[in-house]
Structures are given as structure tokens and as C-alpha cells.
Amino acid sequence: MAFVLAVRNEEADLAATVESIRAQVGGAGPLAIAVAPSDDDTWVVAQALAATDPQIAVVSNPEGWVSHGLNRAIAATDEQFVVRVDGHCTLPPDYTSLALEALDRTNADVVGGVQSAVGGPGTQEAVAVAMSSRLGVGNSRFHYGGAEGPSDTVYLGVFRRSGLERVGGFDETLLRNQDYELNWRIRDTGGTVWFVPSMVVTYRPRPSFGALASQYRQYGTWKREMLRRHPRSTKLRQLVAPVMVLGVTATAAFALWAEDVRWLVPAAGYAVAVTVGGLNAGRSTSLKSRVRVPAALAVMHWAWGLGFLFGRPTPPPDTTA
């Protein structure tokens, strides 16, 4: 079993992520870390980790995109099973043992579990709450759990190499949404993606609303591009945010033009729903975090919706230069 990791600007978290890989029950296999050009000492940290463990290999990812990095890391290993890990996460000790049991039992091409978002008090914790609520992410089971079984996608994923090779790995023309798109191709070629709720991974979300907005704008932009390429993969939940943005904006604009406050009802209704829902979702957190949850929800909704409607996908890096 090989572990693959594509990182950029992960100086602060990389060592903890690698330590969780090393702590796997039954031992960890080879780990390939693909490092993109960074604004911090991620490369130095990765090299230092490799110096302490002969099973760790560090590869360069000059293109900088996650999809390129993951494919480079996968190519640097040859084990039958591939564990995708993210630089912002921590694996529980039984993660790979649960994955292997599920792969053997279901004959799936990929299994994965829950993204358990955890953050420090304040904005990061508020974002974690929003990312774990149905009001924030719809009915995606990997955000909050649910029944085990077939799924359209899972968080991260433990793959059979044969499944990855069958579909050609990650699409290097996608900056975001590459996980969902890969799992779509696996399912579209007759494979199975299997959700295992006991595979719970701790994820550290963005610590500021600005970083969250950038992240979700990219998510929306690249979701539209993914749906353009694979229209049969469209789900109703993927259209909710852009429809909300259009509806609230249009009715609010008409209210101003017509000088009729009745047209502000959709905007007011949305504001009430996000405020009440956010405060309720954050009820188990500190007041400092709880009062920020409605804002986190609104940032996610609007950034994703605006990205979906108006975002322009970035051309892939030129690898021929």
C-alpha cells in the first residue's frame, strides 16, 4: 500500500500529516510527497522528513496543480493500493486497515469516508461547522456521515491501482474538482466508489473568510467546467447555490428599481435561514465561533454560486516549456 500526497505551502501541517501516516496500524508503506512551488519551506520540511525515513520519496511538482502532483506521486510508487492523503488532514490509526477490509469485502475500486472538519476557536471553527452541515454542503455524505454503501464520491480515497490505470489517473486539466471527476470516470467505466463512514479523517479548513471565499469560488468555477464535460454527472444540489445567487440578486435589484419592498422577501428569507441555521449548527461551539457560522455559510454559498456562474477556468500549466 502506497501513500501519495500533493502539497503546496504546507510547512506548518506537513509533519503532523506524515506522522499520522507513519502511525497506521500494521505499519505504513511507501510515501511519495509531490511538492509544488511554495511561499514557505514546504520543500525543506519534506526533505527533512525523507531524511528520517527511507520509505519517503520527495518529487517535484513544477506545474503546481494538485492533479499533476498526485499523478507524479502515483507514478513514483508501484503498490497495488494507493492512499490519497491531503496536506490539511490527519489520518486515524485504523484508516488503512478499515480501507483494506472494505476493498476486500466490496471489490470496489475506491473506498473513502468522512471529512471531519476541525478548527481553532473563531473563524476556522465556524468554517468547520459550516462545512459539516447540510445547510452548507447539501447531501454530500462525506461531509457529515451516513449509511455505508455506493456513493458518487468520497473524501480523499483509497484506490486500487488497477482502477486508476483503467481511467488514466487524475485529469491534469482540472485545477479543482479533480476528485469528483476521477470518481465519476471510475463509476462510468463500471467501477464502484464505496463510502465507509467509519473512515473518519480530520481536516483543518481555511482560517479566514478571504481564503474560504477563494477556495469556494474555485470549487464553483471548476464544478461548472466538470459538468460541461460530463453533463450526465449533474446533481440537483450542484445547482442550488447559483440559482440562489441569481434569484436573490434579481429580486433585490427589482425591489430597488420598482421601489417595492415586497421583492426583498427572497433576500430576507435567505438571510434569516442562514442566520438561524448557522447559529443552530454552531450551538455546541464557543460564542466566538458560533456568531461566525452564518457568515461562513454565506461566504460558501455566494462564492461557490458566483464561481459557478461567472468564474473563468484557468488554462492548465504549459508543461512543454
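Up top you'll find the structure we're talking about.
Keep in mind the model is a prediction, meaning the values are calculated, not measured. (Residues numbered from 1 in each chain as written. Predicted model: local features only at pLDDT ≥ 70, side-chain atom pairs only at ≥ 80, totals over all residues. Heavy atoms only, no water.)

## Quick notes on the packing of helix H12 (residues 265–281) against helix H14 (residues 293–310)
For step 1, the next point in the chain: Across the interface, H12 lies against H14 with an axial gap of 7 Å and an inter-helix angle of 125°. The angle between H12 and H14 places the two elements in the oblique class. Of the two elements, H12 crosses H14, and the hand of that crossing is right-handed. Contact with H12, carried on its side by Tyr270, Val274, Thr275, Gly278 and Leu279, involves Val293, Pro294, Leu297, Ala298, His301 and Trp302 of H14 and no other residues of that element. (Axes fitted to C-alpha atoms, helices over the stretch in contact; angles between N-to-C directions. Helix = DSSP H or I, 4+ residues; strand = E, 2+ residues; numbered from the N terminus. Parallel < 35°, antiparallel > 145°, perpendicular 65-115°, else oblique. Left-handed = near helix turned anticlockwise from the far one by under 90°. Contact = heavy atoms within 4.5 Å.)

## Re the pattern of salt bridges
For step 1, the next point in the chain: Across all of its chains, the model carries 15 salt bridges by this definition.
For step 2, the next point in the chain: For the salt bridge of Arg105 with Glu101, the shortest nitrogen-to-oxygen distance reads 2.7 Å. Residue Arg105 and its partner Glu101 are located together in helix H4 (residues 95–106), separated by 4 residues, close to a single helical turn.
For step 3, the next point in the chain: Accessibility expressed as a relative area gives 40% for Glu101, which makes it partly exposed.
For step 4, the next point in the chain: Across the salt bridge formed by Arg166 and Asp109, the nearest N and O atoms sit 3.2 Å from each other. Highlighted residues: Arg166 in helix H8 (residues 161–167) and Asp109 in the loop between H4 and strand S6 (110–117), separated in sequence by 57 residues.
For step 5, the next point in the chain: What emerges from the salt-bridge pattern is a single network uniting Asp171, Glu225, Arg228 and Arg229. (Salt bridge = Lys/Arg side-chain N within 4 Å of Asp/Glu carboxyl O. Buried < 20%, exposed > 50% of the residue type's maximum accessible area, 1.4 Å probe, protein only.)

## Section: the nonpolar core
The nonpolar side chains of a soluble globular protein tend to be buried, and buried together.
For step 1, the next point in the chain: Ile33 and Val111 are the most contacted members of the largest nonpolar core, which has 83 residues in total.
For step 2, the next point in the chain: At 8 residues, H14 tops the list of elements feeding residues into this core.
For step 3, the next point in the chain: Beyond its immediate stretch of four places on either side in the chain, Ile33 contacts Leu5, Val7, Val18, Ala46, Ile56, Ala57, Val58 and Val59. (Core = buried A, V, L, I, M, F, W, Y, C linked by side-chain atoms within 4.5 Å.)

## A few points about H12
For step 1, the next point in the chain: Helix length check: H12, at 17 residues, gives a terminal C-alpha distance of 23 Å against a target of 24 Å (1.5 Å per residue), a fit within 8%.
For step 2, the next point in the chain: For H12, the complete set of buried residues consists of Tyr270, Val274 and Gly278. With its buried residues spanning 45° around the axis, H12 presents them on a single face. Residues of H12 that are exposed and angled more than 90 degrees away from the buried face: Val265, Val272 and Val276.
For step 3, the next point in the chain: Summarising the contacts, the buried residues of H12 are in contact with helix H6 (134–137), helix H11 (237–258) and H14. (Expected span 1.5 Å × (residues − 1). Arc of directions from axis to C-beta.)

## So, the environment of Leu309
For step 1, the next point in the chain: Mapped onto the secondary structure, Leu309 falls in helix H14.
For step 2, the next point in the chain: It is 7.4 Å that separates the C-alpha atoms of Leu309 and Thr221, two residues lying 88 residues apart in sequence.
For step 3, the next point in the chain: Beyond its immediate chain neighbours, meaning those up to four positions away, Leu309 contacts Arg224, Pro242, Val245 and Leu246.

## Some details on the packing of helix H5 (residues 123–131) against H14
For step 1, the next point in the chain: Running from N to C, H5 and H14 cross one another at 60°; their axes reach a closest spacing of 8 Å. Considering the angle they form, H5 stands oblique to H14. For the pair H5 and H14, the sense of crossing is right-handed. Between H5 and H14, the contacting residues are Ala126, Val127, Val129, Ala130 and Met131 on the first element and Val293, Ala296, Leu297 and Met300 on the second.
For step 2, the next point in the chain: A class-by-class count of the residues in the contact of H5 with H14 yields 9 nonpolar, no polar and no charged. (Nonpolar A, V, L, I, M, F, W, Y, C, P; charged D, E, K, R; others polar.)

## Points about the side chain of Thr221
For step 1, the next point in the chain: Within the secondary structure, Thr221 is located in helix H10 (residues 209–229).
For step 2, the next point in the chain: Separated by 3.2 Å, the side chain of Thr221 and the backbone oxygen of Gly307 make a polar contact. (Polar contact = N/O pair within 3.5 Å; in protein donor to acceptor, adjacent residues only side chain to side chain.)

## Remarks on the environment of Phe159
For step 1, the next point in the chain: Of note, Phe159 is situated in strand S8 (residues 155–160).
For step 2, the next point in the chain: Looking at Phe159, the relative accessible area reads 3%, which means it is buried.
For step 3, the next point in the chain: Expressed as a C-alpha distance, the spacing of Phe159 and Ala2, which sit 157 residues apart in the sequence, is 9.9 Å.
For step 4, the next point in the chain: Dropping the residues within four chain positions of it, Phe159 is found in contact with Gln80, Phe81, Val82, Arg84, Asp109, Val110, Leu164, Phe170, Leu182, Asn183 and Ile186.

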